[in-house]
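Structural characterization, general
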Amino acid sequence: SWSVHDRLRQEEARHYAKLFGALGELEPNEATILQMMGDEKWRMVGASIYATNCTQCHGADGGGINGPNLADESFINIKQLGDLYTFVTKGNVPKGMPAWENRLQSNQRILVAAYVATLRGTKPAAPRPPEGEAIAPWPEPAPASIPES
């Protein structure tokens, strides 16, 4: 028998399949992340994925709860923008960051990486202190040229 959670996951999968039809399979690279950062519609989809999967550890505003602050200039495992996708995909399970490669589709991971990138430089209500090393700023987001869904 199907649980409510199974039905929700099935409905969510149908929703994303329809939504991502316009995108096709995105390339998981810096250029794509920059493009998604620059497109408000897809950034909001990334925000929705983040709200569902990431707020428990990183907080709704990215300031960090038991996960690191995503809004400051210091990062633990990130040196450049494309590393966000890789880190979301592979995680760091011993440190508490799950690998999302078997839970989220590649396009979902790209969109959540793009959304997380936009949190940098924001002002969370109660941010955790910086962790890791300060890194160079992200390149400027590119205007999106993705077809409307």
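The structure this text deals with has already been given above.
Here's a quick rundown of the structure. Keep in mind it's a predicted model, so treat the numbers as computed, not measured.

We now examine the pattern of salt bridges. Taken as a whole and judged by the stated rule, the model has four salt bridges. Between E73 and R120 there is a salt bridge; the shortest N-O distance is 2.7 Å. Note that E73 is positioned in the loop between α4 (55-58) and β1 (74-75) and R120 in the loop between α6 (106-119) and β2 (133-134), a separation of 47 residues in sequence. Exposure remark for E73: the relative accessible area of 36% places this residue in the partly exposed category. On the basis of relative accessibility, which here comes to 11%, the residue R120 falls in the buried class. One salt bridge in this structure joins K79 and E133, with 3.5 Å as the shortest N-O distance. With K79 in the loop between β1 and α5 (82-90) and E133 in strand β2, this residue pair connects regions lying 54 residues apart in the sequence. With relative accessibility at 47%, the residue K79 sits in the partly exposed group.

Note that soluble globular proteins tend to have their nonpolar side chains buried in a common cluster. In this structure, I33, M37, W42, Y50, L81, L84 and W138 are the most contacted members of the largest nonpolar core, which totals 35 residues. Listed by contribution, the elements that provide at least two residues to this core are α1 (4-20), α2 (30-37), α3 (40-53), α5 and α6. Ranked by residue count, the leading element in this core is α6, at nine residues. Not counting chain neighbours up to four residues away, the residues in contact with M37 comprise R43, L81, A114, A117, T118, W138 and P141.

Quick notes on the rules
Residues numbered from 1 in each chain as written. Predicted model: local features only at pLDDT ≥ 70, side-chain atom pairs only at ≥ 80, totals over all residues. Heavy atoms only, no water. Salt bridge = Lys/Arg side-chain N within 4 Å of Asp/Glu carboxyl O. Helix = DSSP H or I, 4+ residues; strand = E, 2+ residues; numbered from the N terminus. Buried < 20%, exposed > 50% of the residue type's maximum accessible area, 1.4 Å probe, protein only. Core = buried A, V, L, I, M, F, W, Y, C linked by side-chain atoms within 4.5 Å. Contact = heavy atoms within 4.5 Å.

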